[in-house]
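The residues making up each chain are set out below.
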Amino acid sequence: MGVRGRAYRYVGPAELLALVRPGCEGRRIRSAADLGDWASALPSEELAEPFTFVVDTAGVLRLAPRRSEHVACAGAEPVLGAGEMAFRTESGAWAVCEVSNQSTGYCPDVGSWTAVADALDAAGIERPSGFTHAVVFRRCPACRRLNIVRDGDFVCVFCDGALPPEWNVDGSHL
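What counts as what
Residues numbered from 1 in each chain as written. Predicted model: local features only at pLDDT ≥ 70, side-chain atom pairs only at ≥ 80, totals over all residues. Heavy atoms only, no water. Pairing = 2+ DSSP bridges. Helix = DSSP H or I, 4+ residues; strand = E, 2+ residues; numbered from the N terminus. Axes fitted to C-alpha atoms, helices over the stretch in contact; angles between N-to-C directions. Buried < 20%, exposed > 50% of the residue type's maximum accessible area, 1.4 Å probe, protein only. Arc of directions from axis to C-beta. Salt bridge = Lys/Arg side-chain N within 4 Å of Asp/Glu carboxyl O. Phe/Tyr/Trp six-rings, centres within 6.5 Å; stacked < 30°, edge-to-face > 60°. Lys NZ or Arg CZ within 6 Å of the ring centre and 35° of its normal.

### Some points on the sheet that holds strand S2 (residues 51-56)
So, step 1. Read across the open sheet, the five strands follow the order S1-S3-S2-S4-S5; overall the sheet is antiparallel. Each of the sheet's edge strands pairs with one partner strand only, and the pair in question is strand S1 (27-29) and strand S5 (93-100). Taking each pair of neighbouring strands and ignoring which way they run, the sheet shows an average axis angle of 40°.
So, step 2. By the bridge criterion, seven bridges tie strand S4 (residues 79-90) to S5 in an arrangement that is antiparallel. Within the sheet, the bridge partner assigned to Glu90 lies in S5 and is Ala93.

### A few points about helix H2 (residues 32-40)
So, step 1. Within H2 the residues assigned to the buried category are Leu35, Trp38 and Ala39. The buried side chains of H2 occupy one side of the element, clustering within an arc of 95° when seen end-on.

### With respect to the pairing of S4
So, step 1. Inspection of the sheet shows S2 paired to S4 by six bridges, in the antiparallel sense. Each bridged residue has a counterpart across the sheet, and for Phe51 the counterpart in S4 is Met85.
So, step 2. Count of turn residues in the S4/S5 antiparallel hairpin: two residues, of which Ser91 carries a positive phi of about 50°.

### Digging into the pattern of salt bridges
So, step 1. All chains considered together, the criterion is met by seven salt bridges.
So, step 2. We note a salt bridge from Arg28 to Asp56, for which the minimum N-O separation is 3.8 Å. Within this pair, whereas Arg28 is found in strand S1, its partner Asp56 is found in strand S2, the two being separated by 28 residues in sequence.
So, step 3. Connected through shared salt-bridge partners, Arg28, Asp56 and Arg62 make up one network.

### What to know about the packing of aromatic side chains
So, step 1. The final tally for this structure, using the stated rule, is six aromatic pairs.
So, step 2. On the basis of an interplanar angle of 45° and a centroid distance of 6.1 Å, the ring pair of Phe51 and Phe87 is categorised as tilted. Of the two residues, Phe51 is situated in strand S2 and Phe87 in strand S4; the sequence distance between them amounts to 36 residues.
So, step 3. Owing to a relative accessible area of 11%, Phe87 belongs among the buried residues under this scheme.
So, step 4. A centroid spacing of 5.1 Å and a plane angle of 70° characterise the contact between Trp113 and Phe131, whose relative ring orientation is edge-to-face. Of this pair, Trp113 sits in helix H5 (residues 113-123) while Phe131 sits in the loop between H5 and strand S6 (136-139); the two residues are 18 residues apart in sequence, bridging distant segments of the chain.
So, step 5. Residue Phe131 is classed as buried on the basis of its relative accessible area, which comes to 14%.
So, step 6. Taken together, Trp38, Phe51, Phe87 and Trp94 form an aromatic cluster joined through their ring pairs.
So, step 7. Across from the ring centre of Phe158, 3.7 Å away, lies the NZ or CZ of Arg145, which sits over that ring.

Structure follows, in structure tokens:
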């Protein structure tokens, strides 16, 4: 599998980054069997909720319980994608039924879908054709606060400044 796409570094609160410990990373899912083995050990109430996920820079899907922080799931490393993901089984096979890029720790652009799709395809897990809930993140160049763009309105909710059309959350584009 060729790994492609932008790597996103952690941009969330420092106090969450400080909580990351070695060995706390999310479970690597390289196959549907990996997913089945991991899911079989989880309580049923956890299986009913979406999971925290990241795609590491090697292009491998990592999963953790929903209330886990993305930065912990990633072991504080950059990621190619991050968000929440829910699964169902169809005829004994795993399939993604919901997937978003909602991660305020990494704020991946909607273009991160390619890395998510590649990781799921490599693992042999059925998936939708794109994010079922896509979040558009932008940082305001004027006040530097993080925004979620809603309804295509690229205006900062904090200072009414114009938000750029291109992803700029990590500050490298400001």
